[in-house]
Amino acid sequence: MDILITNNPLAKERFEGKFNIAFVDGPLLDVLIAVRNRVHNGHTLLTHPLSGSVKPNETLYKSVLISRVQGAVDERSVSVIGECILATQKFAPRAIPERAFADLQEVDLALISGALQL
Amino acid sequence: MKLDVGYILIKDIVFAEKSEIKDGILRLNAKELETLVLEDERFLAVSFDIARPGESVRITPVKDVIEPRAKVEGQGDIFPGVISKVDVVGSGKTHVLRGAAVVTVGKVVGFQEGIIDMTGLGAEYTPFSKTTNLVADFTPRDGLTPHDYEAALRFAGLKLAYALGRLGVNISPDESKVYEFPSLMEGIKLYPDLPRVGYVQMLQSQGLLHDTYVYGVDMKQSLTTMLSPTEIMDGAIISGNCVSACDKNTTYHHQNNPVIEDLFAEHGKTLNFAAMVITNENVYLADKIRSSDWTAKLVDHLDLDGVIISQEGFGNPDTDLIMNCKKVEATGTKTVIITNEYAGRDGTSQSLADADPSADALVTGGNSNQVVTLPKLDRVIGTLDYTEKIAGGFAGNVGSDGSITVEIQAITGSTNELGFNYMSAR
C-alpha cells in the first residue's frame, strides 16, 4: 500500500485500510515537511502537494500520497515538494474560523479522492 | 468552422409580466424562471435580483457567471452535452445578449467564492461590474452534499442563461462578427507566409469545486485534445469551478475567451491561428506527465511555430504550466505563457510555485495578494456571512463602518489568467 501523509482526520478515517496512513498531528506545513523527509529517503511523490486552489494559508488540511516503494531519490519529487514548501511559507498565516474546519476537511478529502478516483 | 455571432445589445434587465426583449430591454417574468430552476428538487428556494452597473450593490458569494446565448442556425445547440443534446457546435449562427449576464449565488462550502461590486473600488477589479446581472440566489434543501449542491447550482445557472438566450432568437442583432477557423491545410494555403500559432488552454480539473466540463465530459477524465475555438463560443466548455474567485474561469470567460478573440483578430494579418488544444490540470502527478506529454506531441505533430499557453488556478496548475511549457519548447516550438501571481502583499515573493528557464516569455494577470479595502455598499445580494472565509478575506475583516478588507483574490475575475480583466502595468 502506498503511503498517505495527512493531517485531515476525515481522510484518515476514509482511507484507513486502503493506504498506509502517516497521520501528522500538526499544521499543513508539517505535512509538507513530512512528505519532503520521505521524498529525500527515496519515496516518490504521487499527488501534487498544493492540490486545489485553496491557498495554503486558507486551509488547515492537506493529504499527499507518496509511493510505498523506496528507490533512488526522485529528482522531480524533490523539486516539486521543495517549491511547494517555499510557496506555502510565503503566505502570511491567517486565523481560520472554526466553522470552516469541516468544509476544509471535506474539500481536502474530495481532492485526494478525485485524484485517486476513489 | 465558420460561426456568425450576432450581438443583441442589452441596455437593461427588468422584471415584467411577459418575458421578452423589447427595445434592448430584457424583460423577465421571475415566476417563470423560478419554476424553471425549482424543477430541481435539490433547491428549496431561489430569489432573483437585478444588479446594474453603478448601483451600490455587492454580490457574494458568486458561483458562476454566464452569458445568455442562443443557437439560431446550424448544427447543435448551446451548452452541448449539458443543457442540449451532444452534437457538434461552433458553426452557423449564434445570438448573444451582450451586456447581460446570469450570476449564480450560493454557499457550496462557504469559502472560496467571489465578490462582484457594481460600484466603487471593487468594481474596477471585476469585469462583471460592467454587465447588467440577473442574480439568482439559491437555498438548497437541508443535508445536500457539497457535490450535489455544486452540480445543482451549475445546471441552474446554465438553464437560466439558456432560457434568456432563447428570447433573442428572433431579434435582429445590433452588431455581428464572423469567426472563421479554417482546417490545417486551408490555413496553410491561405496564409503560407504567416507563422502558424496555436493556443493551449489548460482547464481546471482537480475535483470538487475545481472542475471543467467539455461537451459534458469532466475534463480530468480526458486526455489532451483539440477543438475549434468557435465551439467554445457556443458553450462547449462550461465551468464547474468555484475556487479562487480571482483566477477561476467562469463560463462567461470561456464564452468570451480574449486569447481566442485576439488570435482571431490577428488571424490572416500577422499570424495563422492554426490550432486550439485543451488540456487538464489534475492532482495525480502521473496524469500531469501524461497530459503534458500529449500537449507537446500534438503541438509537435501540428508543426506549429508558436503557442500561447494559459493556465487556471494556483499551485498545482503551476506544475502543469511549467511541464507544458518545457516540453513544448523542447519540440522547438516557442511558447508564451499566461498566468497570474501570488507574489505576497508587497509583491516581492516568487510568483509561481514552479519555474523553468524555458519559461522566458510570460504575461501576468496581476498579483492576487494585493490588498484592497472595499467600502460598505447599500445592498448585498447573497450574504456577507462568508466573506471572512472567502479566499483572500481575513477572519474578522468586516470593519465597523461596514467596509471589508480583502486580497483581490476575493474578487471575481480580478487576476483572470485569460487576460479578461482590467489589471495593467506601465
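All values derive from a computational prediction rather than experimental measurement.

(A) Region of the structure containing the pairing of strand β4 (residues 25–28) of chain B. Residue and element names in this part refer to chain B. Side chains of β4 alternate between two faces, with L26 and L28 buried and I25 and R27 left unburied. Of the strand pairs in this sheet, strand β2 (residues 12–15) and β4 are connected by 4 bridges, and their pairing is parallel. In the strand pairing of β4, I13 is matched with L26. The pairing of strand β3 (residues 20–22) with β4 spans 3 bridges and is antiparallel. What sits directly across from K22, in β4, is I25.

(B) Quick peek at the packing of aromatic side chains. Taken as a whole and assessed by the stated rule, the structure comprises 10 aromatic pairs over all chains. Arranged with centres 5.2 Å apart and planes meeting at 65°, the rings of Y179(B) and F264(B) form a pair that is edge-to-face. Of this pair, Y179(B) sits in strand β12 (residues 175–180) while F264(B) is found in helix α7 (residues 258–266), placing the two residues 85 residues apart along the sequence. On the accessibility criterion, F264(B) (12% relative accessible area) is buried. Every member of this aromatic cluster is reached through a ring pair, and the members are Y179(B), F181(B), F264(B) and F273(B). Taking NZ or CZ as reference, K12(A) lies 5.8 Å from the ring centre of F23(A), over its face. For K297(B), the ring lying beneath its charged end belongs to W294(B), and the centroid distance is 3.5 Å.

(C) Representation of the sheet that holds strand β3 (residues 63–66) of chain A in the model. All names here are of chain A. Pairing is mixed in the open sheet, where 3 strands are placed in the order β2-β1-β3. Edge strands, defined here as strands with exactly one partner in the open sheet, are β2 (20–23) and β3. Between one strand axis and the next, the sheet turns by 25° as a mean value, whatever way the strands run. In this structure, strand β1 (residues 3–6) lies alongside β2, joined through 4 bridges in parallel fashion. Across the sheet, I5 pairs through a bridge with A22, a residue of β2. Those strands touched by helix α2 (residues 28–40) are β1, β2 and β3, and its axis lies near 150° from that of β1. Sitting on the sheet, helix α4 (residues 101–116) is in contact with β1 and β3, with an inclination near 25° to β3.

Cut-offs applied
- Residues numbered from 1 in each chain as written.
- Chains lettered and ligands numbered in written order.
- Predicted model: local features only at pLDDT ≥ 70, side-chain atom pairs only at ≥ 80, totals over all residues.
- Heavy atoms only, no water.
- Buried < 20%, exposed > 50% of the residue type's maximum accessible area, 1.4 Å probe, protein only.
- Helix = DSSP H or I, 4+ residues; strand = E, 2+ residues; numbered from the N terminus.
- Pairing = 2+ DSSP bridges.
- Phe/Tyr/Trp six-rings, centres within 6.5 Å; stacked < 30°, edge-to-face > 60°.
- Lys NZ or Arg CZ within 6 Å of the ring centre and 35° of its normal.
- Axes fitted to C-alpha atoms, helices over the stretch in contact; angles between N-to-C directions.
- Contact = heavy atoms within 4.5 Å.

Everything listed here is a matter of geometry and, on its own, says nothing about what the molecule does.
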